[in-house]
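# Fold and geometry: a report
Single-letter residue listing:
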Protein chains: 4
Amino acid sequence: MKANLLIHTLLLFIVVELSAQSRIIRTGSVPGYLTLKCDFHMHTIFSDGEVWPLVRVDEAVQEGLDVIAITDHIEYQPHREQVSVDHNAAWDLAFEYACRKNILLIHGTEITRKMPPGHFNALFLTDASALTDTSFLEVIRTAVEQGAIIFYNHPGWKGQQPDGVPRLYEVHRQLIRLGWLHGFEIYNYDEFYPDVMQWALDNNLTMFCNSDIHSPVETEYPSRKGKHRPLTLVFASEKNEPSLREALLAHRTLSWFQDTLAGIRELAAPFFTSSIKLEGPYYQDEKYRYFVLKNLTDMPFYLVRKGTGDAPEKINLPENSYVNLKIGKDSGDTVHYQVTNIRVEPDQFLDYEMIFR
Amino acid sequence: MKANLLIHTLLLFIVVELSAQSRIIRTGSVPGYLTLKCDFHMHTIFSDGEVWPLVRVDEAVQEGLDVIAITDHIEYQPHREQVSVDHNAAWDLAFEYACRKNILLIHGTEITRKMPPGHFNALFLTDASALTDTSFLEVIRTAVEQGAIIFYNHPGWKGQQPDGVPRLYEVHRQLIRLGWLHGFEIYNYDEFYPDVMQWALDNNLTMFCNSDIHSPVETEYPSRKGKHRPLTLVFASEKNEPSLREALLAHRTLSWFQDTLAGIRELAAPFFTSSIKLEGPYYQDEKYRYFVLKNLTDMPFYLVRKGTGDAPEKINLPENSYVNLKIGKDSGDTVHYQVTNIRVEPDQFLDYEMIFR
Amino acid sequence: MKANLLIHTLLLFIVVELSAQSRIIRTGSVPGYLTLKCDFHMHTIFSDGEVWPLVRVDEAVQEGLDVIAITDHIEYQPHREQVSVDHNAAWDLAFEYACRKNILLIHGTEITRKMPPGHFNALFLTDASALTDTSFLEVIRTAVEQGAIIFYNHPGWKGQQPDGVPRLYEVHRQLIRLGWLHGFEIYNYDEFYPDVMQWALDNNLTMFCNSDIHSPVETEYPSRKGKHRPLTLVFASEKNEPSLREALLAHRTLSWFQDTLAGIRELAAPFFTSSIKLEGPYYQDEKYRYFVLKNLTDMPFYLVRKGTGDAPEKINLPENSYVNLKIGKDSGDTVHYQVTNIRVEPDQFLDYEMIFR
Amino acid sequence: MKANLLIHTLLLFIVVELSAQSRIIRTGSVPGYLTLKCDFHMHTIFSDGEVWPLVRVDEAVQEGLDVIAITDHIEYQPHREQVSVDHNAAWDLAFEYACRKNILLIHGTEITRKMPPGHFNALFLTDASALTDTSFLEVIRTAVEQGAIIFYNHPGWKGQQPDGVPRLYEVHRQLIRLGWLHGFEIYNYDEFYPDVMQWALDNNLTMFCNSDIHSPVETEYPSRKGKHRPLTLVFASEKNEPSLREALLAHRTLSWFQDTLAGIRELAAPFFTSSIKLEGPYYQDEKYRYFVLKNLTDMPFYLVRKGTGDAPEKINLPENSYVNLKIGKDSGDTVHYQVTNIRVEPDQFLDYEMIFR
């Protein structure tokens, strides 16, 4: 019977491999909202990307994302000899397919100008083909009239800023004054721009964190090496276009890249609080009380104690793990930590008070 | 700044590697109870094992277990030339250490006789050294008087049953009549005994599923190959000895080995129900309604449809994954599935009605 | 200094991740020849595939392949509304790029007819656009006149043989008689056709083993799960077109799919012999001599002893591993094994005499 | 037939899991010598370790090592209440077992004194029990008279040097003058001591790199995270005690820890040269010649160009991989690189001239 069971089990296993399962991504949350996992910047063969639009949906399904935007360049089609120039084609081809797969596919494009002003993504378009005017401001105006949300892409990318220093030019300030610029990419592909995070804080605009992938996603972020693509986490009431739009206009995002999270304190704090769970004390001896601290999510957290006290100086919580903590009995109940992989300002980590009681 | 961030993050990462984190094991549950992850059978150098007792605690911590029992042989000490014969030593050495690590270490032993009667584990002892009488029944009586829970180990092991066929001898029937036998190992190390599962059902006794490890656990179940040791899941009110004892006497266990779960229907059904989540429909087209089925746990589930209908014939749900399901609109709302890796009888899978509404 | 070293090392590591390294695939060999790792069947957006042609080259580079053929359908272009119909475009776009990457890109196509005759790949074309005649035989004649090597694709695929049984029709026999058919796919995507292996043996034609991928390769054969795409191993004097052509016409191929190797005994035997290494005896005791058996390759080998004798009944050699073997001193020096994952006929494993001396 | 093949293959796979295979570790070599993979420092329950001696052999087998020394403390037996004090027991129990497994088990011990002099390993003993004299120098004299090779352990360990700075005291100088000290651990567990590397160079003594493990090896260096234990690579004529001894006395070692290699230039240079292979040019265009650079080993190598030139500035060669290199045609044939993870002095990397011809 033993052998039979094994055959049985193994045959089923074969079938598993042929189905299309999606990974559940576990993250913290913000009370009252869903946490939508989003990537708002990627390319297909309709500009300089290397995949057919449906591949972007399949990749999102496999990774367990909620929302993607295909944002092919309006001004750049290196494959135009073989592929028709149609700025709406990617969305037209993939939208219905995405609906069936539970992926919210946002109609977008990348407006691609020399510096300044540089590159901008426009989301929630109705007709990308209307954005071909030679005047940059006219194009932005048209997008805004379509209801677009617009953000400034990779401001520190050496392709447009050879010294790698992001700069706000007059045209950007003008866009902000006009209310035509809604956010910035503080992270693009593999680059973090702390200065741009500060711009978003100063101008009360939305932070974005996107992949900008051109190749198949596994080429850029191989899961076999434990990599994940950068994601914009959006806190929305529901998983649909109006809720997403409302959330982006309200700046309710956190940026998740590598093992770091970045965003405003008002979101980062409840997000972190919901990610962990402190339990105990489960035991006491003469000197110590013992507690369990759990990380319920797929993100690691690194905590460093502020000040002195008989509590661990460093607590490292890999994804989906827990640690046993011993706290001195003569120590107070409250210990101050910094979460050193959550940035609430470019050079400021999230503070967290842990109460051992 | 980018490079600085990376150095910063990586240095923290180094620290992570040096701390002792435990994996969170996600499973289903049974309403009203905790799900304790337990292994009630393992050895140390105090019998024929190869590790110091504390290693068993450290292994349990790393794997995220709740309860272990070290069950060295009363009658067999191949290392006696170098290691003192002390049937309580393993427990004495490791108990306090285990408390601090949040591991409930049960005081146990393995009573080790030739067939019949074979090998028996006794749990919840007060003094294992009292179990050295030559009369097997006297030893069991003594254990029972100490409050022990006793189960019959690996009844189909070829070391004691050369043909691999488990058999109940008169002495076993006698133990059952006397109320001195509380359960059976239906799985030991890498062997499943379907006949023994039937014994437990017929006699209303408790099913156990244990590792019986002698070497370091990673040697036997290498995590780098995705293996996990066999576990007895116990549904107890609290994580302490009295609750555990009550749960075992009430037969509230499920056996988890390889990718299979086995146990009584009354526990398996709510356990599975709590493991998954059906959401939707998130979309509809002319012919179909689309749903999401999530597996929230670290166990895979394999579903096969019973009967016909416009619903997926097979649904394979790896751990922590979801699938998108399309259900014919003309199909009824209720679809019958079998969960082919949950056995509620030796040859009977768990039935599950999925209601798409 | 310790910390500095770590930072140093880790920074270098970051750089590693950004470069493009290729995996070295270790296999056995056949004396006098190189072992070329080849995949002769794949698609791009120029027929029903989902990637730009250069992606196929990049994938081959990353996996460490030597030779690929892009074989888009002559008769089927579902993306024709967006992508120009040009049967040579994939090769034209990618050839120079492939040369720089040390990938031999063969100019090919897939001739795609209803059953009979079914689908055929033609390799070594000069102009795929010439193969558009309505007459199948005319198309094949044209290909042959261009110097093509032609093989019959996936003869048991249910898309063309609903019962999954491969059949040789009169048209195929005619092609064979005319010398216009050079081989068969005995394996395609995830299907092995033992009957087709027999056809190749009976007709002295070449066996092929190909992926037929349409999506990015990581979608179909995820390396994180230890999968590899099916490969045709070709034994050629040099890595260039003439040598490859000569080798294919001389039937010098082995098929490597999953953990199985299939092909003619004359190649399989030396290939296996070169894959392993027996060393020793490194030790002797009263009863036994001890040897080391090494598997020097990235393929596993499973050996089962034929007949009796005091040598291991089963030897399992995972990739890049060795086992210690003990051989009875009273046993003869020669032990007969079967390599149960090398098929030299559809139901016949490779025999191997191991000589312990 | 297809399903049958799968069952067949999978059943074989099950068997694989139950056998004991060893990993082949691929490294470079030094002409005229074998590369022995050695760990000369580890503990068992006979001092403060946590495993039975045979576990150390099993671990070495699984990892593919050649040589180990169990070096329990002469002066420290925290388990003495349960485990007999017998300084030869570990070797006595494991030697024959190791022989059968092709592991050369060296009879050793750790002489364990407060600072100064600190801890010393003695290898190639005949009777460790003779090393219990209260006089440190007498103990060393006795060991030397037994033919021991002696090295100074972890000189920068904070347990004996609270500031982490290794120091040579007069007693160490005396040992060197007497010819009673043969080497130093330049790496122990997870600590590299660059100063100690300099001592070895200055005094022409042997460099050692050992694990000093007390727990099961997978606890300290989990293979699922890609870790390997530190190893002393010894270049010996044969795999036996006399050859090993001769090689250690002749200082023919390289230290391999994390992704770094350290040792004298005379060994590191040929070792690296034998680890890589440059092939080509396989292609040329107007501007460039294209070459393949292979890393044939299980160690990564990181190369950084010295000076200018039209050749890659950085070449990163993960284990068992190759890269395609393009070299400017106007560039000379010789390009100077540094191998930045091979240290031939504490702060000096190995230089390497690559000749593209």
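In what follows, the accompanying structure is described. All values reported here derive from a predicted model rather than from experimental measurement. (Residues numbered from 1 in each chain as written. Chains lettered and ligands numbered in written order. Predicted model: local features only at pLDDT ≥ 70, side-chain atom pairs only at ≥ 80, totals over all residues. Heavy atoms only, no water.)

## Topic: the side chain of D:Ser243
All names here are of chain D. Locating Ser 243 in the fold gives a position in helix α8 (residues 241–249). Accessibility expressed as a relative area gives 11% for Ser 243, which makes it buried. Ignoring sequence-local partners within four residues, the contact set of Ser 243 consists of Ala 236, Ser 237 and Glu 238. (Helix = DSSP H or I, 4+ residues; strand = E, 2+ residues; numbered from the N terminus. Buried < 20%, exposed > 50% of the residue type's maximum accessible area, 1.4 Å probe, protein only. Contact = heavy atoms within 4.5 Å.)

## Some points on the packing of aromatic side chains
The geometry of an aromatic ring pair comes down to the distance between the two centres and the angle between the two planes. Residue and element names in this part refer to chain A. Taken as a whole, this structure holds 76 aromatic pairs over all chains when the rule is applied. Summarising the aromatic geometry, the rings of Phe 120 and Tyr 152 are spaced 5.1 Å apart at their centres and angled 20° between planes, so their arrangement reads as stacked. With Phe 120 in strand β6 (residues 119–123) and Tyr 152 in strand β7 (residues 149–152), this residue pair connects regions lying 32 residues apart in the sequence. Neither residue differs from the other here; Phe 120 and Tyr 152 are each classed as buried. (Phe/Tyr/Trp six-rings, centres within 6.5 Å; stacked < 30°, edge-to-face > 60°.)

## Looking at the packing of helix α2 (residues 53–63) of chain C against helix α3 (residues 89–100) of chain C
All names here are of chain C. Orientation of α2 relative to α3, taken along the N-to-C sense of each, is 35°, at an axis distance of 8 Å. Here α2 and α3 pass one another in a crossing that is right-handed. Taking contact as the criterion, the partners of Pro 53, Leu 54, Val 57 and Asp 58 in α2 are, on α3, Ala 90, Leu 93, Ala 94, Tyr 97 and Ala 98. Looking at the contact of α2 with α3 residue by residue, the classes come out as eight nonpolar, no polar and one charged. (Axes fitted to C-alpha atoms, helices over the stretch in contact; angles between N-to-C directions. Left-handed = near helix turned anticlockwise from the far one by under 90°. Nonpolar A, V, L, I, M, F, W, Y, C, P; charged D, E, K, R; others polar.)

## Comments concerning the environment of B:Gly108
Residue and element names in this part refer to chain B. For Gly 108, the location among the structural elements is in the loop between β4 (104–107) and β5 (109–112). Looking at Gly 108, the relative accessible area reads 7%, which means it is buried. Residues contacting Gly 108, with those up to four places away along its chain left out, are Ile 70, Thr 71, Ala 122, Leu 123 and Leu 125.

## With respect to the relation of the copies chain D and chain C
Note on the copies: chain D fits chain C at an RMSD of 0.0 Å, the axial shift is 0.0 Å, and the rotation between them is 180°. These values place the two chain copies in the arrangement generated by a two-fold rotation axis. By C-alpha distance to the rotation axis, the residue of chain D lying nearest is D:Asn320, at 5.7 Å. (Least-squares fit on C-alpha atoms with pLDDT ≥ 70 in both.)

## Things to note about the interface of chain B and chain A
Many authors give the size of an interface as the accessible area that is lost as the parts come together. Counting residues at the interface gives 56 residues for chain B and 56 residues for chain A. Here chain B packs against chain A, burying approximately 4,700 Å² in sum over the two surfaces, 59% of which is carbon and sulfur. Applying the counting criterion to the chain B and chain A interface returns two salt bridges. For A:Asp285, the salt bridge is made with B:Arg100, and the minimal N-O distance between the two is 2.9 Å. Taken together, the links from chain B to chain A amount to 20 residue pairs in polar contact (both at pLDDT 80 or more). With nine residues, helix α1 (residues 2–18) of chain B is the single largest residue contributor to the side of chain B that touches chain A. Grouping the amino acids of the side of chain B that touches chain A by side-chain chemistry returns 26 nonpolar, 16 polar and 14 charged. In this structure, strand β18 (residues 321–328) of chain A lies alongside strand β1 (residues 22–23) of chain B, joined through two bridges in antiparallel fashion. Within the sheet, the bridge partner assigned to A:Tyr322 lies in β1(B) and is B:Ser22. (Buried area = accessible area lost by both parts, 1.4 Å probe. Salt bridge = Lys/Arg side-chain N within 4 Å of Asp/Glu carboxyl O. Polar contact = N/O pair within 3.5 Å; in protein donor to acceptor, adjacent residues only side chain to side chain. Pairing = 2+ DSSP bridges.)

## With respect to helix α4 (residues 136–145) of chain C
Owing to its 3.6 residues per turn, the α-helix brings residues three or four apart onto one side. Residue and element names in this part refer to chain C. Within α4 the residues assigned to the buried category are Phe 136, Val 139, Ile 140 and Ala 143. Down the axis of α4, the smallest arc covering the buried residues is 95°, so these residues share one side. Residue Gly 147 follows α4 closely and has a positive phi angle near 95°. (Arc of directions from axis to C-beta.)

## A word on the sheet that holds strand β15 (residues 288–295) of chain A
Across the sheet, four strands lie side by side as β14(A)-β15(A)-β18(A)-β1(B); this open sheet has antiparallel pairing. Single-partner strands in this sheet number two, and they are β14 (276–284) of chain A together with β1 of chain B. Running over the sheet, helix α3 (residues 89–100) of chain B touches β14 and β15 of chain A and is turned about 145° from β14(A).

## Things to note about the relation of the copies chain B and chain A
Aligned on chain A, chain B shows an RMSD of 0.0 Å; the corresponding rotation is 180° and the shift along the axis is 0.0 Å. Interface residue correspondence from chain B to chain A reaches 100%, placing this contact among same-surface, isologous pairings.

## Focus: the environment of B:His182
Residue and element names in this part refer to chain B. Relative to the elements of secondary structure, His 182 occurs in the loop between α5 (170–178) and β8 (183–188). Residues His 182 and Leu 233 lie 51 residues apart in sequence; the distance between their C-alpha atoms is 16 Å. In contact with His 182, other than residues within four places in its own chain, are Ala 148, Ile 149, Ile 150, Leu 205, Thr 206 and Leu 249.

## As for the sheet that holds strand β15 (residues 288–295) of chain D
In space, the four strands of this open sheet follow the order β1(C)-β18(D)-β15(D)-β14(D), with antiparallel pairing throughout. Each having just a single partner strand, β1 (22–23) of chain C together with β14 (276–284) of chain D make up the two edges of the open sheet. Against the sheet, α3(C) touches β14 and β15 of chain D, its axis set at about 145° to β14(D). Sitting on the sheet, helix α9 (residues 265–275) of chain D is in contact with β14 and β15 of chain D, with an inclination near 45° to β14(D).

## Structural notes on the side chain of C:Thr206
Residues and elements named next belong to chain C. Within the element layout of this structure, Thr 206 appears in strand β9 (residues 206–210). Classification of Thr 206 by relative accessible area gives buried; the value is 1%. Leave out the neighbours within four places in its chain, and Thr 206 touches His 182, Gly 183, Phe 184, Leu 248, His 251 and Thr 253.

## So, the pattern of salt bridges
One pass over the full model with this rule turns up 76 salt bridges over all chains. The residue D:Arg229 makes a salt bridge to D:Asp39 at a minimum N-O spacing of 2.7 Å. One end of the pair, D:Arg229, is in the loop between α7 (217–220) and β11 (231–236); the other, D:Asp39, is in strand β2 (residues 34–39), with 190 residues separating them in the sequence. Accessibility classification places D:Arg229 together with D:Asp39 in one group, the buried group. Among the charged side chains, a salt-bridge network with shared partners connects A:Asp39, A:Glu63 and A:Arg229.

## Some details on the interface of chain D and chain C
Residue-level contacts link 56 residues of chain D with 56 residues of chain C. Summed over both sides, the interface between chain D and chain C buries roughly 4,600 Å², with carbon and sulfur atoms accounting for 58% of that surface. In this structure, the connection of chain D to chain C is made through two salt bridges. Here the side of chain D that touches chain C is composed, by residue class, of 26 nonpolar, 16 polar and 14 charged.

Just distances and angles here, no functional claims.
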